[in-house]
Amino acid sequence: DQQVKQNSPSLSVQEGRISILNCDYTNSMFDYFLWYKKYPAEGPTFLISISSIKDKNEDGRFTVFLNKSAKHLSLHIVPSQPGDSAVYFCAAANNAGNMLTFGGGTRLMVKP
Amino acid sequence: SQTIHQWPATLVQPVGSPLSLECTVEGTSNPNLYWYRQAAGRGLQLLFYSVGIGQISSEVPQNLSASRPQDRQFILSSKKLLLSDSGFYLCAWSVQGVGYTFGSGTRLTVV
């Protein structure tokens, strides 16, 4: 049973436009959510996180939105850049610092 | 500052040969340690995690084993590799209140 799902395996966006990556979860005990970015042959790197007490967290071009009632979160990248092309994983935990459950990842391709 | 070292970066091993991948963490004490595998075109699969020396929990029954002989050392092993063990192996650490930090990964190809 996948508790964290990223239903879109890939997404293609034009440079300068908005990229929206989606993630759904089923475990209502999750209260801390993170996004990681992964380039080929490298380890994932932390991008942005959000606690369930918030519905939005922004860091530069990256914004994460959390809809607790829908058990849905999304990552917005504006404007998208070719260097953003990577696989993005969402992850969830039932407490910051507890074990993370990862989604299957979405491959983002930003075209120049 | 905290750093995580994982080696080797790439490895090609014949079927039936043993495996030993090592991960060490610097700059932190008593971290939680994790081994993940990413098979080609797939997500991150948790293989093992450890909350302390000698404490190993396995998430998926498989041909692999893990050990934590020291607080900041985590080892992934196999006695006999299978073709299906090919993949990208990642070590990660965390402490309370902080998300995971991943190593740079090992690309294992079993031939």
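Let us look at the structure shown here. Nothing here was measured: the structure is a model prediction, and the numbers come from that model.

## Let's talk about the interface of chain A and chain B
Then step 1. Taken together, the contact between chain A and chain B spans 15 residues of the former and 21 residues of the latter.
Then step 2. Counting the surface lost from both chain A and chain B, the interface buries some 1400 Å², and carbon and sulfur atoms represent 61% of this.
Then step 3. Connecting chain A to chain B are 0 salt bridges.
Then step 4. Viewed at the interface, chain B and chain A are joined by 3 residue pairs in polar contact (both at pLDDT 80 or more).

## Let's talk about the environment of Trp35(B)
Then step 1. When you line up the elements, Trp35(B) lands in strand S4 (residues 32–38).
Then step 2. With 69 residues separating them along the chain, Trp35(B) and Ser104(B) place their C-alpha atoms 12 Å apart.

## Some remarks on the state of the cysteines
Residue and element names in this part refer to chain A.
Then step 1. Counted according to the given criterion, the structure contains 2 disulfides over all chains.
Then step 2. At a sulfur-sulfur separation of 1.9 Å, the disulfide partner of Cys 23 is Cys 90. Taking the sign of the S-S torsion, 60° for the link of Cys 23 and Cys 90, the bridge is right-handed. Of this pair, Cys 23 sits in strand S3 (residues 19–25) while Cys 90 sits in strand S9 (residues 86–93), placing them 67 residues apart in sequence.
Then step 3. Assessed through its relative accessible area of 2%, Cys 23 is described here as buried.
Then step 4. Since its relative accessible area comes to 1%, Cys 90 is described here as buried.

## Side note on the sheet that holds strand S8 (residues 72–77) of chain A
Pairing between the strands of a sheet is mediated by backbone hydrogen bonds and can be parallel or antiparallel.
Residues and elements named next belong to chain A.
Then step 1. Taken in spatial order, the 5 strands make up an open sheet running S1-S3-S8-S7-S6, and their pairing is antiparallel. Edge positions in the sheet fall to strand S1 (4–5) and strand S6 (56–59), since each has one partner strand and no second.
Then step 2. Taken together, the 2 bridges between S1 and S3 define a ladder with antiparallel strand orientation. In the strand pairing of S3, Val 4 is matched with Tyr 25.

## Section: the sheet that holds strand S1 (residues 3–7) of chain B
All names here are of chain B.
Then step 1. The sheet built from 4 strands is open, its strands ordered S1-S3-S8-S7 with antiparallel pairing. The outermost strands of the open sheet, each flanked by one partner alone, are S1 and strand S7 (65–70). Adjacent strand axes in the sheet meet at a mean angle of 20°, parallel and antiparallel pairs treated alike.

Calculation notes
Think of each chain on its own: its residues are numbered from 1, step by step along the sequence as written. Chains carry letters and ligands carry numbers; both start at the beginning, A for chains and 1 for ligands, and go up in the order they are written. Totals for whole chains, interfaces and linings use every residue, but because this is a predicted model, local features are given only for residues with pLDDT of at least 70 and side-chain atom pairs only at 80 or more, for both listing and counting. Side-chain metrics rest on all non-hydrogen atoms present in the structure, leaving aside hydrogens and water. Note on contacts: a residue pair qualifies if any of its non-hydrogen atoms lie within 4.5 Å across the two residues. Defined in terms of a 1.4 Å probe, buried area is the accessible area two parts forfeit on being brought together, summed over both. By definition here, a salt bridge exists when the distance from a side-chain nitrogen of Lys or Arg to a carboxyl oxygen of Asp or Glu is within 4 Å. In protein, a polar contact requires one atom able to donate a hydrogen and another able to accept it; more generally it is a pair of N or O atoms within 3.5 Å, and residues adjacent in sequence count only if both atoms are side-chain atoms. Working definition: helices are DSSP H or I runs of at least four residues, strands are E runs of at least two. Numbering for both runs from the N terminus. Any cysteine sulfur atom paired with another within 2.5 Å is treated as part of a disulfide. Only protein chains enter the accessibility calculation, which uses a 1.4 Å probe. A residue is then buried if its area is under 20% of the maximum for its type, exposed if over 50%, and partly exposed in between. Here, strands pair whenever DSSP counts at least two bridges between them. To get an axis, a line is fitted to the C-alpha atoms, and for a helix only the part in contact is used. The angle between two axes follows their N-to-C directions and goes from 0 to 180 degrees.

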